[in-house]
Amino acid sequence: MNFTLKIWRQASQRDQGQFVTYRIDEISDDMSFLEMLDLLNEQLIAKSEDPVAFDSDCREGICGMCGLMISGQAHGPEVTTTCQLHMRSFTSGDTITIEPWRADPFPVLKDLIVDRSAFDRIIQAGGYISVNTGAAPEAHSVPVPKPNADRAFDAATCIGCGACVAACPNASGMLFMAAKVTHLGELPQGQPERASRVLSMVTQHDHEGFGGCTNIGECSAACPKEIPLDVISTLNGDLRRAMQHKPS
Amino acid sequence: MTDTGHDPLQPAEDVRTAADAATPAADAAMPPRQPAAATADGLIEGLYRMGEPIADTKAPEVPAANMWETHRFTNKMVNPTNRRKLKVIIVGTGLAGASAAATLGEAGYRVKSFCYQDSPRRAHSIAAQGGINAAKNYKEDGDSVYRLFYDTVKGGDYRSRESNVYRLAEVSANIIDQCVAQGVPFAREYGGLLDNRSFGGVQVSRTFYARGQTGQQLLIGAYQALERQVAAGSVETFTRHEMLELIVVDGRARGIIVRDMVTGEIETHLADAVVLCSGGYGNVFYLSTNAMGCNVTASWRAHRKGAYFANPCYTQIHPTCIPVSGENQSKLTLMSESLRNDGRIWVPKRREDCDKDPREIPEEDRDYYLERIYPSFGNLVPRDIASRQAKNVCDEGRGVGPKVGDFRRGVYLDFAEAIDRMGLDTVKEKYGNLFDMYARITGEDPYATPMRIYPAVHYTMGGLWVDYDLESSIPGLFVAGEANFSDHGANRLGASALMQGLADGYFVLPNTICDYLADGPFDDVTDRSEVADAAASVSDRITRLLSVNGERSVDSFHKELGHIMWEYCGMERSEQGLRKAVELIRSLREEFWRNVRVLGTNEELNQSLEKAGRVADFLELGELMCIDALHRRESCGGHFRAESQTEDGEALRDDENFAYVAAWGWGGENQPPVLHQEDLIFKAIELKQRSYK
Amino acid sequence: MAVTGAIFVGYVLLHMYGNLMAFGGADVYNTYAHHLRTFLMPMLPYQGFLWVLRLVLVLALVGHVFAAFTLWNRAQKARTTRYAVKKAVAATLSAKWMRWGGVALLAFVVFHLLEFTTRTITPGGDSDSPFTRLTNGFSLWWVFLIYLVAMFALAMHLHHGIWSAAQTLGWTSSALSRRVAKTLGLTIALVVSVGFIVPPFLILVGVIK
C-alpha cells in the first residue's frame, strides 16, 4: 500500500506550524498506524530530516498516551485508539491528514504532541475518594450492588486520551469529567464527597478553558472505550443537586 | 568517561575459541554446573570477578510470621512535624511509585514524583490484565498468608528471599481493603461482595479482578490518591521528565539529575532519599509486551553509581501473545492465558503444510505437541514450558503464519473443537473480548480460523538488589515494584506483579523508609562537587550522543540488540550462545557510539535523543544479563539452560551450587562486573524440585 | 439553556394549540384571540395575562440567547486553531444547526411579531379582525414559504433541544431514559411544526377562508 500523508509539523509551542506532505510506500496492511509513522521516521532520519514527534506508550490501547486526528476523526476511522488502528482500515492511494488534538487547553508541544495536563488538574480538583493509606475498612464491610459496580466500571474504563475533547465541536472535556464523576458516584465509598467533587471538577474544567457541552454526542462516538453519553447526564444531575444544596 | 564497548581484557578471538569448544554434544555431557573458578588475573570465565558475599541485615531474627510486626516496632519513627522537613524523590508513577508517593505525601513528607509520560496515569502497570492476588480467603478454600507465601516462593522456583515474600503475603489483604475504599470497581457477585477467580495454576481462588483491566483500575486508584496529594500540596509531580543520573554524596543517594523532555533543560533535584519505582527492563529485547518507553535507565544509572543489580537474567516469557507480523512491528500484545483452558495448540506435522490454510490440514497431519509431550497437563503446562515448546517447534521449521525474515514464528491456538463442544455463544461469552482484540490486531476472524500465538517477553524478575527495607546497596536509595528483584525469584506467578507493586508502595516502603529518614534531614549538599559533576556527566553524554552523527538510527540498534537477546538469552540459553551474545553486544555497543545518528538538539522535544540514551543503557545491561545467564549454570524458573535439564527436557535446578541471589556490582567503565552472592536460606519452606508430569 | 428552552417548548405547544382554532372559522378564532386578552380578568387587567406571558418570554429569550452566546463564545476560545479536516460522526443535522437555526428562529420571531402583534408589516392587507389578518397573510405564497422554512427550523431546534435539555437537567442517566428523551424530542418537534403549518397551508390552498 502507499499513501500521501499530510502531517502537521510544529517545532515547539511557540512556533507556528504548517502541514508538510510526505509519500510513503510499501506499507503492509498488518502494520499499525503508528508503525507506519515509525517507518516514515526511519526514512526521514535516513535523509537527515527531523522525524515526526508523536506520543505513544503502551501501544495496546490502554495507557491513553497516543491520540491523533486522522483525516478529521479522533483516533481515525475505527472505534479504537490510534495505536490499535491498522493500515487495513485505509485504502492504498489515500491521502491521510494527520493533526494533533486541537483545543486551547491542550497546547501543542511539538508536531503531533499536545499537553494534556489539564486533565490531571481536573482530577486534582476532586476526582478521587479521600482515604489515607491504612485507613480503609475491611473490603467486605460495604457490599456494592452489582449493577452499580458494573456501571462504575464502565465509566472507569476511561483512559484519559482526550479524544472526547478533540472530537467535540465545542472542545469540551465533559465526557472525561463525567466518566470520573459517574465512576465514583455509583459507589457507596464515593457518596460523602459526591456534591463537592462535581462542583470542584466542573469549576476546574471551566477554568482550564474547555468549552461547554451541548450534548451533540461526538465525544462518545470518538471514545475508544465507548463511554456512553449518559455519564454526562449523571454529572449534570449531580451538579444540579449539588448547586441546590450548596453548603453556605 | 567513555562508554565505548569492547572489553580490552577479553579479546573477541578468545571468546570465539571458547564458544567453539563447547559444542552442543559436549554441553549435554558437561559435568554439572558449578560456578567456574577464577583464573590468575581474578577473572572467572573471562567475564566477571568475585566480590564479597552479601546478606540482608535488616530482617529481624524472629520467625517469618512475626518478622514484619517486630520490624515495624523496632524501626525508628519520624515525628509528624519533622516529616515536613524531609524530602523524598520518587521516580516512576506505576503502581509502586504512585502508591508510594501518595502514601508518603499523606504522611507529611515533601515528595517529588517523576515520570517520563505526560501523566502519572500512563505508567505501564495500566496494561496488566488478569488480576491481583490477596490472601483474603473469601472463598473459604483454605487460603492463608502462609499458603500465598508458599505458592509465591515455590512459583519463583525457590530463588526468592523468604522474609520479603512472607511480608508480601501478609500485607496483600490490606491492599484489597485500600483499593476498595478508593473506589476501584472490582468484579462483584450479585450479593454485592467481591468476586474471586483462580489464576496461574494455584489451588485456591484468591485473585481479585476488574474484568480484563485490573491493572488499569488499580493504577487509576493510586493515581487519584497521588493527585489528591498534589492538590494538598504535599506531592509535586514532574511529568515528561526523565531521570538520567543519580546523585550520590558521601555514599548516600541524595538526588537525581533529570531532563525536561519538552525543553531539554537538565535539572538537579536534591532530597533526603531517592526511591526508584521505574519498572522492568523487558524492552532490552526490543519486542516485548512492555510499553514503548519502558527502560532501564534509572536503574542502570543507579547501578553504575554502586547499586547492585540482582539476577538480571531472570525474565518471564509469556506463551500466549499475538505473533510478530512484520519487520516493522514495534510491540507485542499479550492475550490472557485463560485461552489455553479451551483452545488446543498445534502445528502441522510437516513443514510443507506450514503455509496452507489451517482448516485444510486434516486432523492426522496436525501435531498437538503439548498434548503429545505432556499427556496429563496437555495445553495447561506452565508458562515457561509452553513457551519453550513453541520455540522448539518453530525452530524445527514447523511454525505458522507470515514469514518474518526467513522464519515463521507462530503456533495455532485452535477453538474449533471448543466451538463444537460448547457452542459458539458460550465461546463468545467467555472469550469474546479476547477474540475481538485478536481480530482487531490481525484482521483475521478467530471464530473461523485458528488464532496464531507466540511467546513474548513480558516481565523481568531481576532488578536492583534490595534488603528487607527495600533499600539498595546505596544508603538512601530505595527500590520498589518491578524495578527491584525481591519477591518473585526466578519466575513470577500470575496476578502477583500488581500485588507486589502496591504492597511495596502502600504498605512496605512507607514503613521502612522512615527508619532511614529518622536520621535526617541530611546536610545540604547543593554546593558539593558531586552534584555539579553528575549534571555535567549527563550533559556530556547528551553532547556525545548528538555529536556522533553516524549512519544508523537508534531504533536499528535497538532492534539488533533485541534480536541478539531473544536469540541467545531468551527462552533457552546455552554457554555457546551466551558467549556469542556477549561478543555481539560488545561490538554492537562499540558501533553504537561510533555510528548512531541522533538528529536535532538537546534544547527541544527530541524523541530520538530520549531513545538513544535508553538504548545506550540497554546495550550495557544486555551484556550483564548474558553474563549472569552464563554464570548460572542451572535452570530455574524463567532461566532455562540447555545444559541443565532432566532426561525429559525439564528444567533442572541446582540448589547445592546456585541457591543464591547473584547481585552484580558495577566494575567500572569497560571493566568486568563483580559478583556478590547472597545465600538464600529457607527456614519456613523446604526446597523441592518442581514437577509438572 | 435547558430551563429557558423548556419555557419555550411549553409556549409553542400552547401557541400551536391556539392556532388550531383557525379551523373553527372567523368567529371561533376571533373569540379565542379576544379571550386571550380577557383571560383571568378581572384579577388581571385587560391584556394583563398576555403581558405577563410576554414578560416571561422576553426574560426566557434573553436568558436563552445569553446562554447560547456564552456557549458559543467558550467554544470559540476553546479551539482557536481549527482542524484542517473534521468529520462529524454522531452529530445529527439538528444538533449541527442549533446555533444558526437559533439565529434564524430569532429573525423569524421578529418578523412574526411585526406582522401579527405590532401590525407593522401587513402582507395581504391589514384588518381589525385577527382572522382576516391571518387569511390575508397566508394567502400569499411567499408568506407561507417563510413560515414553512421557519417551522422546519423550529422542528430541528426542538428535536435536539428537548433531548439536550433532558440531558442537561440530568434526566437521561440510563439507556432507557435516553431513548425516551430522544423520542419525546422528535415527537414534540413533529407535532409542533406540523400543528403550526397546517392552518396556514389550508389557508393557502383555500380550505380555510
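Conventions adopted
- Residues numbered from 1 in each chain as written.
- Chains lettered and ligands numbered in written order.
- Predicted model: local features only at pLDDT ≥ 70, side-chain atom pairs only at ≥ 80, totals over all residues.
- Heavy atoms only, no water.
- Contact = heavy atoms within 4.5 Å.
- Buried area = accessible area lost by both parts, 1.4 Å probe.
- Salt bridge = Lys/Arg side-chain N within 4 Å of Asp/Glu carboxyl O.
- Polar contact = N/O pair within 3.5 Å; in protein donor to acceptor, adjacent residues only side chain to side chain.
- Helix = DSSP H or I, 4+ residues; strand = E, 2+ residues; numbered from the N terminus.
- Nonpolar A, V, L, I, M, F, W, Y, C, P; charged D, E, K, R; others polar.
- Pairing = 2+ DSSP bridges.
- Axes fitted to C-alpha atoms, helices over the stretch in contact; angles between N-to-C directions.
- Buried < 20%, exposed > 50% of the residue type's maximum accessible area, 1.4 Å probe, protein only.

Trainee: Can you lay out the interface of chain C and chain A for me, pointing to particular residues and giving the numbers?
Mentor: Of the residues lining the interface, 34 residues belong to chain C; the matching set on chain A comes to 43 residues. The junction of chain C with chain A conceals about 2900 Å² of combined surface from both sides, 46% of it contributed by carbon and sulfur atoms. On the surface where chain C and chain A come into contact, there are 2 salt bridges. Across the chain C-chain A interface, the total number found is 32 residue pairs in polar contact (both at pLDDT 80 or more). Within the residue set of the side of chain C that touches chain A, elements represented by two or more residues are α3 (48–78), α7 (141–168) and α8 (175–205) of chain C. Of all the elements, α7 of chain C adds the most residues to the side of chain C that touches chain A, at 6 residues. Partitioned by chemical class, the residues of the side of chain C that touches chain A number 16 nonpolar, 10 polar and 8 charged.

Trainee: How would you explain the sheet that holds strand β12 (residues 315–321) of chain B if you had to name every residue and give the values?
Mentor: Residues and elements named next belong to chain B. Taken in spatial order, the 5 strands of this open sheet run β12-β18-β17-β13-β14, and their pairing is antiparallel. Looking along the sheet, the strands with just one partner apiece sit at the ends: β12 and β14 (366–367). Contacts from helix α11 (residues 383–398) reach β12, β13 (344–348), β14, β17 (411–414) and β18 (451–460), with the element oriented near 70° to β12.

Trainee: Tell me about the pattern of salt bridges, and please be specific about residues and values.
Mentor: Per the stated rule, a full pass over the model turns up 79 salt bridges over all chains. Between Asp-154 of chain A and Arg-211 of chain B there is a salt bridge; the shortest N-O distance is 3.0 Å. Of this pair, Asp-154 of chain A sits in helix α3 (residues 146–156) while Arg-211 of chain B sits in the loop between β5 (207–208) and α8 (214–232), each in a different chain. Between Arg-586 of chain B and Glu-623 of chain B there is a salt bridge whose closest N-O contact spans 2.9 Å. Taken together, the positions of Arg-586 of chain B in helix α17 (residues 575–595) and Glu-623 of chain B in helix α18 (residues 607–631) put the pair 37 residues apart, joining distant regions of the chain. Each member of the pair, Arg-586 of chain B together with Glu-623 of chain B, is buried. One connected set of salt bridges, linked through shared partners, spans Glu-45, Glu-575, Arg-579, Arg-633, Arg-641 and Glu-643 of chain B.

Trainee: Would you mind going over the sheet that holds strand β7 (residues 241–249) of chain B in detail, with residue names and values included?
Mentor: Residues and elements named next belong to chain B. Across the sheet, 3 strands lie side by side as β7-β8-β9; this open sheet has antiparallel pairing. Edge strands, defined here as strands with exactly one partner in the open sheet, are β7 and β9 (266–270). In this sheet, adjacent strand axes meet at a mean angle of 25° when their direction is disregarded. Where strand β8 (residues 252–260) and β9 come together, 5 bridges link them in antiparallel fashion. Looking at β9, one finds that Val-258 is bridged to Glu-267.

Read these as layout, nothing more, since geometry by itself doesn't imply function.
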